[in-house]
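Survey of secondary and tertiary structure
These are the residues of each chain, in order.
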Amino acid sequence: MNQATLPPIKTLEARNRRLGFIFVLPALVLIGAVILYPVGYNIYLSFWKPALNPAKPDTLVGLGNYARLLSDPEFYASLGVTFAYVAITVAGSTLLGGAAALLMNRRFPGRKLARSALLLSYVSPVISSVFVWIYLFNGLYGMIDYVLVDALKILPVAPQWFDNPALSLVLVCLFDIWRVFPFALIMILSSLQAIDSSVYEAAAIDGAGPWTVFRRITLPEILPVVASVVTLRSIWNFYKFEDVYLLTKQVPLIGVYLYRTAFTVNDLGLASAISVVLFLIIMGAVVALASRNKGERV
Amino acid sequence: MKRIRLKNVLLNVLVTLVVLAAVSPFVVMLGTALKPSAESVAYPPTLWPKRPTLEHFADVLKPAKFPFSRYFLNSLIVAGSTALIAVVVGSLGAYAFAKLPVPGKKYLLSGTFVVYMFSGILLVVPLFRIFTALGLYDSRLAVVIACLVSTLPAALSMLGNYFKTIPDSLEEAALMDGLTRVQCLWKIVLPLSLPAIMSVFVYVFMIAWNDFLFASIFLSDPEKMTLPVGLRQFFSSKDYVWGRMMAASLLTGLPVVIIFAAVEKSITGGLTAGGVKS
């Protein structure tokens, strides 16, 4: 007898499998449409010189965009600035967040309120925070310059926070550290709270001092979390755009360079080549990190 | 004993200083919003106005003076729809990944992890061309779709982590009682996961509410602009008033701060769980 003529036997397993597929489908379709397809299209676009007028055809330039990118001094300059920015902000926000977490990991009156207050800069919209920072640091009637120059007399003249490239880098780093340290704070605090208090009691009985306790107990316990905070923050800050672009024109992070190339210079071909190279850099770093971690575990 | 007390006092002072430093820009924001226009550009600057005024808040809310309410509504539409789509699509997908046999699950899961590494800035060029070709340029829908790039993978992983903590035995019992899988999801898993769903909604809402990048590229009609691009444009128009900008900044931050406070406990829990996982 022909098997095909029998009604299909639907086991529970098969039904679940079908349902699972149906449930996953919208997510897959969306991720495919808004992420994977654009990624593929971006790679394709990086070999073309897209016409500004959509009615006109694009011109194939092969590796031309990449050649232009790799011979562009501006690209290397912004890579350098970006690495400096990532190093400073990741170190700064993780250290500040970690220190704040250690301070918060005690019982004291008003702890809940302090915690909520500390999260404010992380929650508040970038645009709001940027406006206040511009107001605080402006060269005519800014409070920061007033305190530094007239009140405390630390500096002889008002620094040009928004026009001097080096000072602008300081400014955007300070802004980012202030804005994102709560992320490190929450992550590290929750791992501190997961440490069994009996370990500390045992250490106290053994007569261990605070530094030994920190180095031998606390640090090893929070290190995995610190590592993932550093990894995530490095990736996020490598792609940073909005905060810096809105604060000053003087810090050409790679994200800002990409944005300007695409939408100020209208060089979409070069911009898509930048995207591809950036993604390769991050992918390379993540793969190298993952394989090193694997090697250590074995 | 005395040394411990002294140490505690010192630490409390330190906490107070850190908190004051962290919130001081918001104090300045409020102080400037309440300053009469002349005082906000006076030198030496004042931290708090001598005679506070609510005129800037009143101005911001007058559509004739400042299109704040229009931008606000646009932001609400964009952030609300993004969050809704992310929660619905994310719940279904996360449930399937957590509880159902999905063909190729392992690859799909590691695929969503790779997607984590894409940031909006990498996709803005192809999305711009695709939206232009589809006629979606200068539509709020384009911003919604683009915001899903940065939020859907996180929504999937946060919800998935939560669903996994719901014991299978609960659903098995319900299946025995004759409920279907869909009913299980609707009547058992989703109600139990309400805190997680709320926090994912808030998380996505905040990201979409804050978005400047996509809105600045995909929107050109002032009628459709969201708060970040609208305020930014107003700020560069030279006739801005500091008090008004600060009042607008405060009102822009208020909704996200309020909804964040409402779900703070579960969202920071979910954030740390998701963060450690990845």
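Throughout what follows, the structure given in this document is the object of discussion. (Residues numbered from 1 in each chain as written. Chains lettered and ligands numbered in written order. Predicted model: local features only at pLDDT ≥ 70, side-chain atom pairs only at ≥ 80, totals over all residues. Heavy atoms only, no water.)

Within chain A one finds 12 helices and 2 strands. Starting at the N terminus and ending at the C terminus, chain A contains elements arranged as α-β-β-α-α-α-α-α-α-α-α-α-α-α. For chain A, the C-alpha radius of gyration of 26 Å lies well beyond 19 Å, the compact-globule estimate for 298 residues. For the C-alpha atoms alone, the extent of chain A along its principal axes is close to 90 × 60 × 35 Å. Each of the 298 residues in chain A was classed as buried or not, and the buried ones make up 48%. Seen as two clouds, the 23 positive and the 16 negative side-chain charges of chain A have centres 8 Å apart. (Helix = DSSP H or I, 4+ residues; strand = E, 2+ residues; numbered from the N terminus. Rg over C-alpha atoms; globule rule 2.2 N^0.38 Å. Buried < 20%, exposed > 50% of the residue type's maximum accessible area, 1.4 Å probe, protein only. Lys, Arg positive; Asp, Glu negative; His and termini not counted. Charge placed at Lys NZ, Arg CZ, Asp CG, Glu CD.)

We now examine helix α10 (residues 194-210) of chain B. Residue and element names in this part refer to chain B. For α10, built from 17 residues, the straight-helix expectation of 24 Å at 1.5 Å per residue is met to within 8% by its first-to-last C-alpha distance of 24 Å. α10 sits mainly inside the fold: 12 of its 17 residues count as buried. Considered for burial, the residues of α10 that qualify are A196, I197, S199, V200, V202, Y203, V204, F205, M206, A208, W209 and N210. (Expected span 1.5 Å × (residues − 1).)

What follows covers a nonpolar patch on the surface. Residue and element names in this part refer to chain A. On the surface, F21, I22, L25 and V29 cluster together into a nonpolar patch covering about 350 Å² of accessible area. With respect to the element layout, F21 can be found in helix α1 (residues 12-45). According to the relative accessible area criterion, F21 is partly exposed, its value standing at 42%. (Patch = residues over 30% accessible without salt bridge, like charges linked within 9 Å, V, L, I, M, F, W, Y side chains within 5 Å. Areas by Shrake-Rupley, 256 points an atom, 1.4 Å probe, with all protein chains shown as cover. Salt bridge = Lys/Arg side-chain N within 4 Å of Asp/Glu carboxyl O.)

As a further point, take the packing of aromatic side chains. For the coordinates displayed, the defined rule picks out 39 aromatic pairs over all chains. A ring pair is formed by A:F241 and A:Y259, whose centres lie 4.4 Å apart and whose planes are at 35 degrees; its orientation type is tilted. Of this pair, A:F241 sits in the loop between α9 (210-238) and α10 (242-247) while A:Y259 sits in helix α11 (residues 254-263), and the two are 18 residues apart along the sequence. For the pair A:F241 and A:Y259, a shared accessibility class is recorded, and that class is buried. Relative to B:F72, the ring of B:F68 has its centre 5.8 Å away and its plane inclined at 40 degrees; by these criteria the two rings are tilted. Of the two residues, B:F68 and B:F72 both sit in helix α4 (residues 68-99), 4 residues apart, roughly one turn of that helix. (Phe/Tyr/Trp six-rings, centres within 6.5 Å; stacked < 30°, edge-to-face > 60°.)

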